[in-house]
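Chain by chain, the residues:
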Amino acid sequence: MEVDICGDCPLIECTPRQRVRTTSSTSINDSELDIANEVGNMGQDIPDPNACFNQKVREQNRRKQWQLNYQEAAIYLQEGQNNDKFYTHPQSHEALPAYQVAHNHWFYMLDMFAALVVMLLAASERPAVAYFELPVGIHGSLEMLCLLILSLDLGIRFKWLRLWGFIKHRRTLFKAILILLMLVESIVVLVRQTNHFRVTRALRPLFLLHTHYCQGVRRITRQIMQSMPPILDMIILLLFFMLIFSILGFYLFSGIKTDTNFKTIQSSFISLFVLLTTANYPDVMMAAYNESRFSCVFFIIYLSLELYFLMNLLLAVVYDTFSNLEKSKIRSLFFHKREGCMHAFRLLVTQANHSGLSVKHFIGMMGYFLPKKSKRDYYLMFKALNTSKTGMIQMEEFFNIYEVSRLRWKLKSDVSLWSSNFRHPCNIIFKSLNWLANWKYLDYFIYFVIAGNFLWILIETARISSDGTNVESYNFTTSWISISFICIYSIEAVIKILGRGPYDYFTRGWDLFDFLVTLVSVVGVFGEIFENSFYYVMILRPFRLLRLFKLKKRYRDVLGTLFVLFSKLMSLAICIIIVYYFYAIIGMEFFLDTDLKDCCQNTSVESAYAYKNGTAATGYYYMNNFDNIFVSGVTLFELTVVNNWFIIMEGYANAVSQWTRIYFMSFYIVMMVVMNIVVAFVLESFIFRINYRRQMHLDDIDDHGVYKEEITLTESEMHMVTSLAAPLTGEYIRSQGEPGPYVFRGEGHRTREDFSLRMYHEEVEAWSKEFMANRHEVVNAMQALRNRKRLNTEQRAENADLNDVLFPRDVFPSTEILSDV
């Protein structure tokens, strides 16, 4: 008879690819032997099949439990992949709809949109950016609407986390408190119809951090926070020595009448703090140096100790801490993924064989984990995992599910040449293009052309420079030489795209880099055709020369590190923007409407703020204000660059209060830490790339960038994975007959985590042994999560004795949770 695994279960909505049919000539008793070794959180609320007297109902409930186990196992794998805490796992079938809504991509986008709008409201609120200002009622209503959307996420999370899980999840709990606070403030704004002092707006970026698409930013932020203790120790040491030298400087130089930098202990500390940034050196020294030449010893010793020793030591501490955190993060994710695999595995095996996973249940689970794949791809993944060739996946093999699930499968004939299925004579032409695209001398020729292009641009630029020609009025007419170079670059790109295939070309980092440079060069040539009307496109000319970086291994390592780091550098950039946003909001609240014109008369920075007859006398520092969010960002960037930052600080100290220095000095310390972490991050990634290449004896780390796997299928296996009526079985794998005629190749790009696990293979072996040693503790923790009172627990207990009579245990094994897998 034909059995539909999904059946008529009203609880699960199945896609066509998830609806898998199997044919069986066995009796109902044989099908009932296929009982799950363990019932998951969702299936606990489904009536026990063994407690049902009606044969049809019993079979339906069994299928429902399997489908819920498939879905729950897929959720466990997703939680392991996303590094989600397992205590946030849905605890019952009733929690599943809320969990699915909270993890829906449309809901992710809505949550992201609301978080971004709340942040951007700073441009419309007081003090607003010109042309973006909105009435209080409008921006207040928008804020309340966005906060309600963000609170919708909390309501859905509360549905499936319940009270204790909601409180235990600190990030969610903090978001709830923050939304409640901001809702009260927005109501006050709407009632009063005016903006009030609101520094809490500086916490709005936390909503962005909470979104799904900012997981990378959240991980970087968490890593920064975890590395703070040793960094704070170094900062305290830095400030401690600064205080000692401040006291010493006060006693040495306070008596010098012309020296105002050390008149008080406060001014002494501030002067040395600024001196640490070298922004006021040697000005801070000259008055004392004029009094005594030996006073320079004080400043030399101070800068040598603080700037060249402790500051570099701080960078070393940051790098060491960050490197250790990288390895510990890899270790933590390694354990977390394995635990997720263990959770999923226990839900997929049967009581008849609780140590091996069959093809049928593996494909049933993959229909939820990767719903866009075909049944053929699922079977190829199963066969790639089953290295023991037993037809049943063991747990040790199942641990590789994440790596195998990233593979894209194609017939090997299609992989070797993407145009192999083209008709004659196109297949011959594309085969020739493939040979030409892989010909090594083609790259050598292109390098020669690039070198010639470099010399031509250099000579032309030197000629224009020596003639003293005004560049803006120079007629950059496109020459035949320029067109020739661009044509060669374009022909090379076309040959490689048509010869190797678009997918292969555009998925390789260096080829994509070459294409972008070529595209920019083509745009530049077309821009030159417009002559002076499109003059600024001339800046695209030098980008043609970037391809020379491929000539030397060291250059490839530099740009290769940039490619690998791009996504994480974007996360770091967002972290910096969040810090800017935080300080910009505080600056706007405290320094709003502060007029810096002529604010510093009779001070050392008077000339920077002098303003006479409606124009700046010698400087324009009065423009460094906090009048809106964008201007505040420019001011904070000037402070980040450090040069003359103390002039801005002194302006606000004189115009507002001496205590405002705390704001500027704290910003410098925070940005110093963040920028040191950025440097440490780049260094760690670059050194890792070099060490990996040396340890693996590679010319280029990109040689290991693609993970490949080849699997052969017989005619019978192809029929099984393409026919809906064919039974799913692992017998073909177990038989180990002659290799089939169908050879499939799976390819997937390795991540930084994959490279790390390969490089730290000795540590990985130790981690695996540690995980196996703690295996029983993991199993006990899993049992504690599931052994809770369910809706049908009492019913199962009442029917336990009756089940022993109606369904003997030798035919229907016990559904109790085993102590070990």
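Residues numbered from 1 in each chain as written. Predicted model: local features only at pLDDT ≥ 70, side-chain atom pairs only at ≥ 80, totals over all residues. Heavy atoms only, no water.

Labelled according to an unreviewed UniProt entry, the protein chain appears under the name Two pore calcium channel protein 1, originating from Biomphalaria pfeifferi. As its UniProt record puts it under Subcellular location (unreviewed entry), the protein chain is described as follows: "Membrane". (UniProt positions renumbered as here; feature names shortened; annotations may be inferred.)

Let us now look at unusual backbone geometry. Cis peptide bonds are those with omega within 30 degrees of zero, and the linkage from arginine 126 to proline 127 qualifies with -5°. Inspection of the secondary structure puts proline 127 in the loop between α4 (105-120) and α5 (136-168). In this structure, proline 282 follows tyrosine 281 across a cis peptide bond, with omega equal to 10°. If you trace the backbone, proline 282 turns up in the loop between α10 (265-276) and α11 (283-291). Even without a glycine there, the phi angle at asparagine 83 is positive, about 60°. The residue asparagine 83 is located in the loop between α2 (55-82) and α3 (96-102) in this model. We classify asparagine 83 as partly exposed; its relative accessible area is 30%. Phi is positive for valine 642, which is not a glycine, with a value near 85°. Given the relative accessible area of 17%, valine 642 is considered buried. (Helix = DSSP H or I, 4+ residues; strand = E, 2+ residues; numbered from the N terminus. Buried < 20%, exposed > 50% of the residue type's maximum accessible area, 1.4 Å probe, protein only.)

Here we take up the side chain of glutamate 38. Within the fold, glutamate 38 resides in the loop between α1 (28-32) and α2. At a separation of 2.8 Å, a polar atom in the side chain of glutamate 38 contacts the side chain of arginine 346. (Polar contact = N/O pair within 3.5 Å; in protein donor to acceptor, adjacent residues only side chain to side chain.)

What follows is about the environment of glutamate 709. Relative to the helices and strands, glutamate 709 is located in strand β6 (residues 706-713). You can call glutamate 709 partly exposed: its relative accessible area is 23%. Residues glutamate 709 and valine 404 lie 305 residues apart in sequence; the distance between their C-alpha atoms is 8.7 Å. Contacts of glutamate 709, omitting those with residues within four sequence positions, involve Ala384, Leu407, Trp409, Phe744, Arg745 and Gly746. Here the side chain of glutamate 709 touches tyrosine 707 through a polar contact of 2.8 Å, side chain to side chain. (Contact = heavy atoms within 4.5 Å.)

Summed over all chains, the structure comprises 49 aromatic pairs. Note on tyrosine 583 and phenylalanine 667: the rings are 5.1 Å apart at their centroids and 75° apart in plane angle, and the pair reads as edge-to-face. Here tyrosine 583, found in helix α23 (residues 553-591), pairs with phenylalanine 667, found in helix α27 (residues 661-695); they are 84 residues apart in sequence, far enough to count as distant. No difference in accessibility class separates tyrosine 583 from phenylalanine 667, as the two residues are buried. Taken together, the ring pairs connect Tyr580, Phe582, Tyr583, Phe591, Phe626, Tyr652, Tyr663, Phe664 and Phe667 into an aromatic cluster. Here lysine 168 stacks its cationic end above the ring of tyrosine 87, 4.5 Å away from the centre of that ring. (Phe/Tyr/Trp six-rings, centres within 6.5 Å; stacked < 30°, edge-to-face > 60°. Lys NZ or Arg CZ within 6 Å of the ring centre and 35° of its normal.)

Our next topic: the sheet that holds strand β3 (residues 408-411). In spatial order, the strands read β3-β7-β6; together these three strands make up an open sheet with antiparallel pairing. The sheet is open, and its two edges are formed by β3 and β6, each paired on a single side. Averaged over neighbouring strand pairs, the angle between their axes works out to 25° when direction is ignored. Strands β6 and β7 (742-749) of the sheet are contacted by helix α28 (residues 715-722), whose axis makes an angle of about 105° with β6. (Pairing = 2+ DSSP bridges. Axes fitted to C-alpha atoms, helices over the stretch in contact; angles between N-to-C directions.)

Attention now moves to the pattern of salt bridges. Within the structure shown, the criterion is met by 23 salt bridges. A salt bridge links glutamate 59 to arginine 63; the nearest nitrogen and oxygen atoms lie 4.0 Å apart. Here glutamate 59 and its partner arginine 63 are both found in helix α2, four residues apart, which amounts to about one turn of the helix. Per residue, the accessibility class of glutamate 59 equals that of arginine 63, and both read buried. Aspartate 754 is the partner of arginine 406 in a salt bridge, and the nearest nitrogen-oxygen pair spans 2.2 Å. In this pair, arginine 406 is assigned in the loop between α16 (401-404) and β3 and aspartate 754 in helix α30 (residues 752-759), connecting sequence segments 348 residues apart. Given the relative accessible area of 30%, arginine 406 is considered partly exposed. (Salt bridge = Lys/Arg side-chain N within 4 Å of Asp/Glu carboxyl O.)

The geometry of α10 relative to helix α26 (residues 645-655) is characterised by a closest axis approach of 10 Å and an angle of 150° between their N-to-C directions. Judged by the angle between their axes, α10 and α26 are roughly antiparallel. Each of Ile270, Phe273 and Val274 in α10 lies in contact with α26, whose residues at this interface are Trp645, Phe646, Met649 and Glu650. Residue composition of the contact of α10 with α26, by class: six nonpolar, no polar and one charged. (Parallel < 35°, antiparallel > 145°, perpendicular 65-115°, else oblique. Nonpolar A, V, L, I, M, F, W, Y, C, P; charged D, E, K, R; others polar.)

This part is about the nonpolar core. Judged by nonpolar contacts, the single largest core of 104 residues is most densely connected at Phe207, Phe299, Tyr609, Ile629, Leu636, Trp645 and Phe664. Among all residues touching phenylalanine 207, those that are not within four sequence positions of it are Ala115, Val118, Leu147, Leu150, Lys175, Leu178, Ile179 and Met182. (Core = buried A, V, L, I, M, F, W, Y, C linked by side-chain atoms within 4.5 Å.)

We now examine the side chain of histidine 89. Structurally, the position occupied by histidine 89 is in the loop between α2 and α3. In this structure histidine 89 comes out as buried when scored by relative accessible area, which is 1%. Reaching out from histidine 89, the side chain makes a polar contact with the side chain of glutamate 72 at a distance of 2.9 Å. In contact with histidine 89, other than residues within four places in its own chain, are Asn41, Glu72, Ile75, Tyr76 and Glu79.

This paragraph deals with a positive patch on the surface. A contiguous patch of positive charge, built from Lys85, Arg170, Arg171, Arg219 and Arg222, is present on the exposed surface. Elements that contribute at least two residues to the positive patch include exactly α6 (170-192) and α8 (215-226). (Patch = residues over 30% accessible without salt bridge, like charges linked within 9 Å, V, L, I, M, F, W, Y side chains within 5 Å. Areas by Shrake-Rupley, 256 points an atom, 1.4 Å probe, with all protein chains shown as cover. Lys, Arg positive; Asp, Glu negative; His and termini not counted. Charge placed at Lys NZ, Arg CZ, Asp CG, Glu CD.)

Moving on, we get to α11. Within α11, the full set of buried residues consists of Val284, Met285, Ala287 and Ala288. An end-on view of α11 places all buried positions within 155° of arc, on one side of the element. Turned more than 90 degrees off the buried face of α11, the exposed positions are Asp283 and Asn290. Residues of α11 that are buried in the fold lie against α9 (228-253), α10 and α12 (296-348). (Arc of directions from axis to C-beta.)

Attention now goes to the packing of helix α19 (residues 440-466) against helix α20 (residues 480-500). Remark: α19 packs on α20, axes separated minimally by 11 Å, with the N-to-C direction vectors making an angle of 155°. With respect to each other, α19 and α20 are oriented roughly antiparallel. For the pair α19 and α20, the sense of crossing is left-handed. Residues Leu442, Asp443, Phe445, Ile446, Val449, Ile450, Gly452, Asn453 and Trp456 of α19 touch α20, and the partners they reach there are Ile481, Ser482, Phe485, Ile488, Tyr489, Glu492 and Lys496. Looking at the contact of α19 with α20 residue by residue, the classes come out as ten nonpolar, three polar and three charged. (Left-handed = near helix turned anticlockwise from the far one by under 90°.)

Two strands pair when backbone bridges link them, and β3 and β7 are joined in this way by four bridges, in the antiparallel orientation. Counted as the bridge partner of arginine 408 is glutamate 747 from β7. Here eight bridges tie β6 to β7, and the two strands are oriented antiparallel to one another. Opposite isoleucine 711, over in β7, you have phenylalanine 744 as the bridge partner.

What follows is about helix α31 (residues 761-773). Here α31 contains 13 residues, and its C-alpha end-to-end distance of 18 Å stays within 8% of the 18 Å for a straight helix at 1.5 Å per residue. Within α31, burial applies to Val764, Trp767, Ser768 and Phe771. Viewed end-on, α31 has its buried residues packed into an arc of 105°, placing them on one side of the element. Along α31, the residues that are exposed and aim more than 90 degrees away from the buried face are Glu762, Glu765, Lys769 and Ala773. (Expected span 1.5 Å × (residues − 1).)

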